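# Structural features, examined
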Amino acid sequence: MITIAQLTRLPRKFGKYYDRQFLPLLEKTGLSMREIHVLLFLANHPGQDTARDVAELRCLAKSQVSQAVEVLTGRGLLARRADGEDRRVIHLEITGQGAPLAREAQAIQCACGKRLLAGLTEEEQAVFLDLLERVLRKTEELSMEKECQL
């Protein structure tokens, strides 16, 4: 039977493994993992392209996202574009210069997932991912219940 200790260890262990996979890219580019997270979020979530989207959906502090966006725009990897209907909303776009880096980061991300699941058959992978999604949904549901009670 799974213990709470196993559940709480999983995010830390996975986070360390995942971040290590990006070390060569970080060294090559001089970017931080936070900046790579922002770039990957924008590459993986078309249509969710504001700093607010990144902060909310990646559970990052607004200040962290803002700093990462400053670095990425300063390096020419991201561009800002005002919304056509609401000038207060700023959309973020990966530039032509940033696209190859985003693809490289996505390839690392994909390889990371494949290595993690390599010991499972395709059927076991499908079952595992389905169960994981259900547990994540339940976790979100329970965390929202608590927030609503406050």
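A short tour of the structure in this document, coming up.

So, how was this worked out
Residues numbered from 1 in each chain as written. Predicted model: local features only at pLDDT ≥ 70, side-chain atom pairs only at ≥ 80, totals over all residues. Heavy atoms only, no water. Phe/Tyr/Trp six-rings, centres within 6.5 Å; stacked < 30°, edge-to-face > 60°. Helix = DSSP H or I, 4+ residues; strand = E, 2+ residues; numbered from the N terminus. Buried < 20%, exposed > 50% of the residue type's maximum accessible area, 1.4 Å probe, protein only. Expected span 1.5 Å × (residues − 1). Patch = residues over 30% accessible without salt bridge, like charges linked within 9 Å, V, L, I, M, F, W, Y side chains within 5 Å. Areas by Shrake-Rupley, 256 points an atom, 1.4 Å probe, with all protein chains shown as cover. Salt bridge = Lys/Arg side-chain N within 4 Å of Asp/Glu carboxyl O. Lys, Arg positive; Asp, Glu negative; His and termini not counted. Charge placed at Lys NZ, Arg CZ, Asp CG, Glu CD.

### Concerning the packing of aromatic side chains
Under the counting rule described, the total for this entry stands at three aromatic pairs. Ring geometry for F14 against Y17: centres 6.3 Å apart, planes inclined by 50°, an arrangement best described as tilted. Here the residue F14 and the residue Y17 both occupy positions in helix α1 (residues 4-21), the gap between them amounting to three residues, near one helical turn. With a relative accessible area of 36%, F14 lands in the partly exposed category. Counting every residue linked through ring pairs, the aromatic cluster contains F14, Y17, Y18 and F22.

### So, helix α3 (residues 33-44)
Between its terminal C-alpha atoms α3 stretches 16 Å, which fits the 16 Å expected from twelve residues at 1.5 Å a residue. The complete set of buried residues in α3 reads M33, E35, I36, H37, V38, L39, L40, F41 and L42.

### Topic: a positive patch on the surface
A cluster of basic residues, R9, R12, K13, K16 and R20, forms a positive patch on the protein surface. Considering the arrangement of structural elements, one finds R9 in helix α1. According to the relative accessible area criterion, R9 is partly exposed, its value standing at 45%.

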